[in-house]
Amino acid sequence: MLRIAIQAKGRLNEESLTLFREIGIDIDDAKRKYMSRAANFPVEMLYLRDDDIPGVVANGSANLGIVGYNEVVEKGYDVKVEEKLGFGGCRLSLAIPKNEEYSGPAYFKGRKIATSYPKILRKFLDDNGVEATIEVITGSVEIAPAAGIADAIFDIVSSGSTLVANNLKEVEVVLESEAVLISAGKLSAEDEAALAEIRFRLESARISRGKKYILMNLPESALEEAVRILPAMRSPTVMPLAAKGWCSLHSVVDNADLWDKVRQLKAIGAEGILVLNVDKIIL
Ligand code: PRT
Ligand code: ZN
C-alpha cells in the first residue's frame, strides 16, 4: 500500500485532495484524522505539516509526498520530484522597502534579511558573493523591516499584494515553486505499479485541463476551412446531418483559443455551436 503524505491543513490541503478526487481516488476529507485510506485505490494518506513532508518521505515513513517545491529545496533531503502538480504556484523572492533604490545583489552587503528559508537564501547570497546576516523568523516575515527586525525580507510571493501592503518591493526572484509529488525513489514492485497508475491518471488530468469540447453545424462547403481552423488530436469528427448539404463537426480546443476559433468558425457559416467541458483525455 502506497502511503502519501499531504499537508494536514493550509494552502495545499484542499487542492491535494481535489487532485486525488479528479483522478478517481476517493479519500475522506479527514482533516482532523492523522491518517485515512482510499476506498478504491491502494493508497493511504498521512496528514502532516508541510515542513515535515520532505523528511518523512526521505526516511521512508511515507512513500510519496505532496509539498511545495520551496520546502523540498529548503529541507535539502534526497528526494525525487516525480511530478509537478500545477497548483500552489508561488516564488521565493527578496524584497526591500519600496523607496530604497536597488542596485543588484550587492545591495544586500552588510544588511540583515529576515526569512523562514535560510538555506535557499544563503546559497543565493554565496552564489552572488554577498555577505549578509540572515535572521530566521518563522511567521509574519513581511513585517520585519517596518518592525526594525531586518532591512529586507526573503519570502514567498504569490500575487504580490502582501508586499505592497507592507510598503515593500520585490527585487529578486530566487526560486519558482509549485506543489510537487515527491518520492525517495525506493518502492516495492506493487507500489511502483500504483505510482505508475497515479502518474498516468495525472497526465490525463493535466492534458484535459484547459481544453473544451466544441461541436457545431456547418455547411459541407465550409468543411475544409473548418478543419484548418480546428486541428484536433488526430482530426476532427465529421457526422452527416439530416439536412442536405450540412454536417456536424466535433473537436477539442484549447480554452485560451476558444473565442478566436468561435469567431473564425462563425465567419465561415458555423451554427448552433456548443462548447462543453472535458472531464478526461486519455491519449
Ligand atoms: O501548517 P503548515 O506548516 O503545514 O503550513 P504553512 O503555514 O507552513 O504553509 P502554508 O499553508 O501557508 O503554505 C503551504 C505552501 O503553499 C507553501 O510552502 C508554498 O509552496 C505554497 N504557497 C503558494 C504559498 C503561497 N502561495 C503564499 N502566498 N505559501 C504561502 N503564501 C503566503 C506568503 O508566506 C505571504 O505571507 O502568502 C503571502 C504572500 O501572498 P501574496 O499573494 O500576497 O503575494
Ligand atoms: Zn509549514
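Before any of the text, the structure's been laid out above.
Here goes a summary of the coordinates provided.

Analysis parameters
Residues numbered from 1 in each chain as written. Chains lettered and ligands numbered in written order. Predicted model: local features only at pLDDT ≥ 70, side-chain atom pairs only at ≥ 80, totals over all residues. Heavy atoms only, no water. Donors = N, O, S within 2.8 Å, 3.2 Å for Na, K, Ca; no water. Tetrahedral: all angles 85-135°; square planar, octahedral: opposite > 155°, others 65-115°. Buried < 20%, exposed > 50% of the residue type's maximum accessible area, 1.4 Å probe, protein only. Helix = DSSP H or I, 4+ residues; strand = E, 2+ residues; numbered from the N terminus. Arc of directions from axis to C-beta. Contact = heavy atoms within 4.5 Å. Near = heavy atom within 4 Å. Polar contact = N/O pair within 3.5 Å; in protein donor to acceptor, adjacent residues only side chain to side chain. Areas by Shrake-Rupley, 256 points an atom, 1.4 Å probe, with all protein chains shown as cover. Nonpolar A, V, L, I, M, F, W, Y, C, P; charged D, E, K, R; others polar. Domains from an automatic or database assignment.

## Let's talk about the coordination of the zinc ion (ligand 2)
Part 1: Binding of the zinc ion (ligand 2) to the protein goes through D50 (OD) and D51 (OD), at separations of 2.0 to 2.1 Å.
Part 2: One way to put it: the four donor atoms around the zinc ion (ligand 2) meet at angles of 73 to 179 degrees, and that makes the site irregular.

## Description of helix α4 (residues 118-127)
Part 1: Within α4, burial applies to I120, L121, F124 and L125. Along the long axis of α4, the arc covered by the buried residues comes to 135 degrees, so they all point the same way. The exposed residues of α4 that point more than 90 degrees off its buried face are K119, K123, D126 and D127.
Part 2: Among the structural elements, α3 (69-75), β6 (90-97), β7 (112-115), β8 (133-136), β9 (152-157) and β10 (168-177) are those in contact with the buried residues of α4.
Part 3: At the exit of α4 stands G129, carrying a positive phi of roughly 60 degrees.

## Structural notes on helix α8 (residues 258-267)
Part 1: Listed in full, the buried residues belonging to α8 are L258, K261, V262 and L265. Buried positions in α8, seen along its axis, are confined to an arc of 100 degrees and lie on one side of it. Pointing more than 90 degrees away from the buried face of α8 are the exposed residues W259, R263 and A267.
Part 2: Along its buried surface, α8 packs onto β12 (211-219), α7 (223-229), β14 (246-254) and β15 (271-277).
Part 3: Phi turns positive, to about 105 degrees, at G269, one or two residues after α8.

## Notes on the site of ligand 1
Part 1: In the vicinity of ligand 1 there are 22 residues, among which D51, N70, S159, G160 and T162 approach most closely.
Part 2: For ligand 1, an oxygen atom lies 2.8 Å from a polar atom in the side chain of Q7.
Part 3: Coverage of ligand 1 by the protein amounts to 78% of the 850 Å² it exposes when considered alone.
Part 4: With three residues, the single largest contributor to the shell around ligand 1 is β9.
Part 5: Residue classes in the shell around ligand 1 are distributed as four nonpolar, 11 polar and seven charged.
Part 6: A domain-level breakdown of the shell around ligand 1 finds at least three residues from each of domain 1 (2-88 + 178-207) and domain 2 (90-177).

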